[in-house]
Amino acid sequence: MRDFFKGFRMFGQGLGILLRSPRLLLIGALPAVLTTLLLLGGVVALAFWIDDLSLLLTPFADDWSSGLRTTIRVAVGVAVFGAVLAICMIGFTAITLAVGGPFYEHIAEKVEDDFGGVPGAVELSGWRLLVMGLKDGLSLVLRSLLFTIPLLIAGFIPVVGQTVVPVLLALVTAWFLALELISVPFYRRGMGLKERRQLLRKRRALALGLGLPVSLLCLIPFAALIVMPVGFVGGVLVAREVLNPTVREPHEVR
């Protein structure tokens, strides 16, 4: 629990750093605005076409009784919509960090310079950050589906589906979000997704302490515009903790 609360505290420290440097907060919010508009359009389109999609996915129910046919198609529609929302939650971070790679590298550099910098930091072009971010983001989204789809199906189990499943789904989402949020500090050190997973797996509670408040707060409409840059700065602090557990407290970031 100590590591969990430490990760939660680092999320709060990220907020404090950005409140002392509103310019960094604005820079971090810009990619989130673009991604929000993109995914919001997709979700609205899905909501509009969800009935037709349910019909397309359940041709086997055409000859069933009216009540049973309606029930199975509503269930499929809810499951598909829930799965898309879960994917959007994880994919939102991946797309935002990929599209806003240069912005977030600038923020990471400013924050880490306050800790003494990163000796031998790798210089990354915006194009390379975009490619790396999309590649790793797609990998994490696909991995997350291995957990979220079975959990969404389990959500139809009475009692368990309304109690245990939401908690597990929140923890799974938090884990994959944390892996995304710490990506840029690892890129700056020439380290990729494999190293992130290996190191963060040893401090899983720390990762959940960061990812859980980010994932829950992002459920509030448009809160992600602020939560994303805050979570990213918290991710920089978590990355430094994982890579060097003796990091010192930051000075004010300018």
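What you are looking at is a predicted structure, and each value in this text was computed from that prediction instead of being measured. (Residues numbered from 1 in each chain as written. Predicted model: local features only at pLDDT ≥ 70, side-chain atom pairs only at ≥ 80, totals over all residues. Heavy atoms only, no water.)

Asker: So what exactly am I meant to see when it comes to the overall build of the protein chain here?
Answerer: Assigned secondary structure in the protein chain consists of ten helices and zero strands. Going residue by residue from the N terminus, the α and β elements of the protein chain occur as α-α-α-α-α-α-α-α-α-α. By principal-axis analysis of the C-alpha atoms, the protein chain measures approximately 70 × 35 × 30 Å. Burial status across the protein chain gives 47% buried among its 254 residues. Long-range contacts, defined here as pairs at least 24 residues apart, represent 81% of the contacts in the protein chain between residues at least 6 apart. Charged side chains of the protein chain number 23 positive and 17 negative; the gap between the two group centres comes to 7 Å. (Helix = DSSP H or I, 4+ residues; strand = E, 2+ residues; numbered from the N terminus. Buried < 20%, exposed > 50% of the residue type's maximum accessible area, 1.4 Å probe, protein only. Contact = heavy atoms within 4.5 Å. Lys, Arg positive; Asp, Glu negative; His and termini not counted. Charge placed at Lys NZ, Arg CZ, Asp CG, Glu CD.)

Asker: Quick question: what am I supposed to make of helix α6 (residues 160-181) here?
Answerer: Note on helix geometry: an α-helix contains 3.6 residues per turn, so any two residues three or four positions apart are oriented the same way. For α6, spanning 22 residues, the distance from its first C-alpha to its last is 30 Å, which sits close to the expected 32 Å at 1.5 Å a residue. Pro 166 marks where α6 bends most, by close to 25°. (Expected span 1.5 Å × (residues − 1). Bend = angle between axes of the 7 residues up to and from the residue.)

Asker: Looking at this structure, how should I read the pattern of salt bridges?
Answerer: Any two side chains of opposite charge can pair if their charged atoms end up close together. For the coordinates displayed, the defined rule picks out seven salt bridges. Put simply, Asp 3 and Arg 203 hold a salt bridge, and the shortest N to O gap is 2.6 Å. Within this pair, whereas Asp 3 is found in helix α1 (residues 2-19), its partner Arg 203 is found in the loop between α8 (193-201) and α9 (204-217), the two being separated by 200 residues in sequence. Given a relative accessible area of 18%, Arg 203 falls into the buried group. Between Glu 241 and Lys 6 there is a salt bridge, with its nearest N and O atoms 3.2 Å apart. Pair noted here: Glu 241 is in helix α10 (residues 224-243) and Lys 6 is in helix α1, with a separation of 235 residues, a long-range link. (Salt bridge = Lys/Arg side-chain N within 4 Å of Asp/Glu carboxyl O.)

Bear in mind that shape data such as this cannot, by itself, settle questions of function.
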